[in-house]
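# Structural description and commentary
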Amino acid sequence: MVVKLGGSVITDKRRPFVVKRATLRRLARELAAAKQPLVVVHGGGSFGHPVASKYGIAEGYKNKNQLMGLSLTHRAMERLNVNVIEALQKAGLPAIAVQPSACVVVSGGQIQSMELAPIKKLLELGIVPVLYGDAVPDLSKGMSILSGDQIVAYLALKLEASRVILGVDVDGVCTANPKKAKHVEIVRRITPADEKLIASLGAAEGKDVTGGMGNKVRELLALAERGVEAEIVNATKPGILKRAVRGERELGTIVGR
Ligand SMILES: Nc1ncnc2c1ncn2[C@@H]1O[C@H](COP(=O)(O)OP(=O)(O)OP(=O)(O)O)[C@@H](O)[C@H]1O
Ligand SMILES: [Mg+2]
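Presented here is a report on the structure given in the accompanying data block.

Analysis parameters
Residues numbered from 1 in each chain as written. Chains lettered and ligands numbered in written order. Predicted model: local features only at pLDDT ≥ 70, side-chain atom pairs only at ≥ 80, totals over all residues. Heavy atoms only, no water. Near = heavy atom within 4 Å. Polar contact = N/O pair within 3.5 Å; in protein donor to acceptor, adjacent residues only side chain to side chain. Areas by Shrake-Rupley, 256 points an atom, 1.4 Å probe, with all protein chains shown as cover. Helix = DSSP H or I, 4+ residues; strand = E, 2+ residues; numbered from the N terminus. Nonpolar A, V, L, I, M, F, W, Y, C, P; charged D, E, K, R; others polar. Buried < 20%, exposed > 50% of the residue type's maximum accessible area, 1.4 Å probe, protein only. Contact = heavy atoms within 4.5 Å. Phe/Tyr/Trp six-rings, centres within 6.5 Å; stacked < 30°, edge-to-face > 60°. Lys NZ or Arg CZ within 6 Å of the ring centre and 35° of its normal. Arc of directions from axis to C-beta. Pairing = 2+ DSSP bridges. Axes fitted to C-alpha atoms, helices over the stretch in contact; angles between N-to-C directions.

### Notes on the site of ligand 1
The full set close to ligand 1 counts 28 residues, and Ser8, Gly45, Asp169, Asp208 and Lys216 are the nearest of them. The separation between an oxygen atom of ligand 1 and a polar side-chain atom of histidine 49 is 3.1 Å. Residue aspartate 169 places a side-chain N or O atom 2.6 Å away from an oxygen atom belonging to ligand 1. For ligand 1, the protein covers 98% of the area, taking 640 Å² as the surface of the free molecule. Breaking the shell around ligand 1 down by element, the ones donating at least two residues are helix H1 (7-10), helix H3 (45-55) and helix H9 (212-225). A total of three residues in the shell around ligand 1 trace back to one element, the largest contributor, which is H9. Residues that form the shell around ligand 1 fall into these classes: ten nonpolar, eleven polar and seven charged.

### Focus on the side chain of aspartate 12
Within the element layout of this structure, aspartate 12 appears in the loop between H1 and helix H2 (21-31). Residue aspartate 12 is classed as buried on the basis of its relative accessible area of 9%. Contact partners of aspartate 12, with chain neighbours within four places excluded, come to Val18, Lys20 and Ser46.

### Brief notes about the packing of aromatic side chains
Under the definition given, this model contains one aromatic pair. Ring geometry for phenylalanine 17 against phenylalanine 47: centres 5.4 Å apart, planes inclined by 80°, an arrangement best described as edge-to-face. Placement of phenylalanine 17 in the loop between H1 and H2 and of phenylalanine 47 in helix H3 is noted, with a sequence separation of 30 residues between them. Among the residues examined, phenylalanine 47 registers a relative accessible area of 3% and is labelled buried. Positioned above the aromatic ring of phenylalanine 17, the side-chain terminus of arginine 79 is 4.9 Å from the ring centre.

### Focus on helix H6 (residues 117-125)
Every buried residue of H6 is accounted for by Ile119, Leu122 and Leu123. Each buried residue of H6 sits inside an arc of 100° when the element is viewed along its axis, so together they form one side. Those residues of H6 that are exposed and aimed more than 90 degrees away from the buried face are Glu124 and Leu125. Where H6 is buried, its residues contact strand S2 (39-42), strand S3 (95-97), strand S5 (110-114), strand S6 (128-132) and helix H7 (148-158).

### Here's the deal with the sheet that holds strand S12 (residues 253-255)
Taken together, the eight strands give an open sheet; going across it, the order is S3-S6-S2-S1-S9-S11-S12-S10, and neighbouring strands pair in mixed fashion. In this open sheet, the two strands that pair with only one neighbour each are S3 and strand S10 (189-190). Across three bridges, the pairing between S2 and S6 is parallel. Residue pairing across strands places valine 41 opposite leucine 131, the latter belonging to S6. Along the sheet, helix H4 (residues 65-90) makes contact with strand S1 (2-5), S2, S3 and S6, crossing S6 at roughly 150°.

### Quick look at unusual backbone geometry
Of note in this structure, glutamate 160 is not a glycine but carries a positive phi near 50°. By the secondary structure assignment, glutamate 160 is in the loop between H7 and strand S9 (164-168). By relative accessible area, glutamate 160 is classed as exposed at 69%. Of note in this structure, glutamate 250 is not a glycine but carries a positive phi near 60°.

So, in structure tokens, the structure goes:
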């Protein structure tokens, strides 16, 4: 099972470098209810996104300032990652960080390959590998941002995940951004045929250098086309993630075929 803890859930995206500690502790406990081998991925929230945005990391290498920017963005993600790892440990989950920028080959912002042997071995041992959106060297652009969403889709495919869950701060994908529009409806299922809706999906509320809900859904649609279904659920509501990891479905938006 691959679960993403959205940066929108575990941080306050409107305030730089603020972890939502109580939420993170609760989500760690909810994840501990999982009965299958578990991979956790977390997003950047107010750690990665603002720093990456300041230095234009996602636009590729253009000037020397970005070298420090790459270093600082990665460091910001490590700081958030320590919080996630410690929360999982406190909930009884033996978690180990796996640094994406050191094991993923990225070109043009897209994963070309990933060293999976250590992750597979960790899973076999009963350890929870924890990855995160990261600032990475990019073979063609020099540098880029690898989103947690893309890592989720890649790992779900390669590890043949039986369940893929993405926790966010909204009830699912809606007909319009629920943080901005008043009258919105939750879309219970999205398939590649829903072209109009997909094209309309907007960015995030705060800073998000990886395209917010729109790109998340596009990553998951590519996964769905290869036969793996994912579900986007509201992880800010207590109990939802736990029910999802225990196998309950249709708690948010399913992205499938
Ligand atoms: N049609 C839509 N339905 C639902 N949410 C939407 C929609 N359009 C835009 N959004 C925004 O997408 C946000 C979720 O995406 P966002 O990238 O902020 O979260 P995340 O992926 O959990 O964070 P991170 O990238 O830090 O991990 C919501 O908070 C909402 O503001
Ligand atoms: Mg996002």
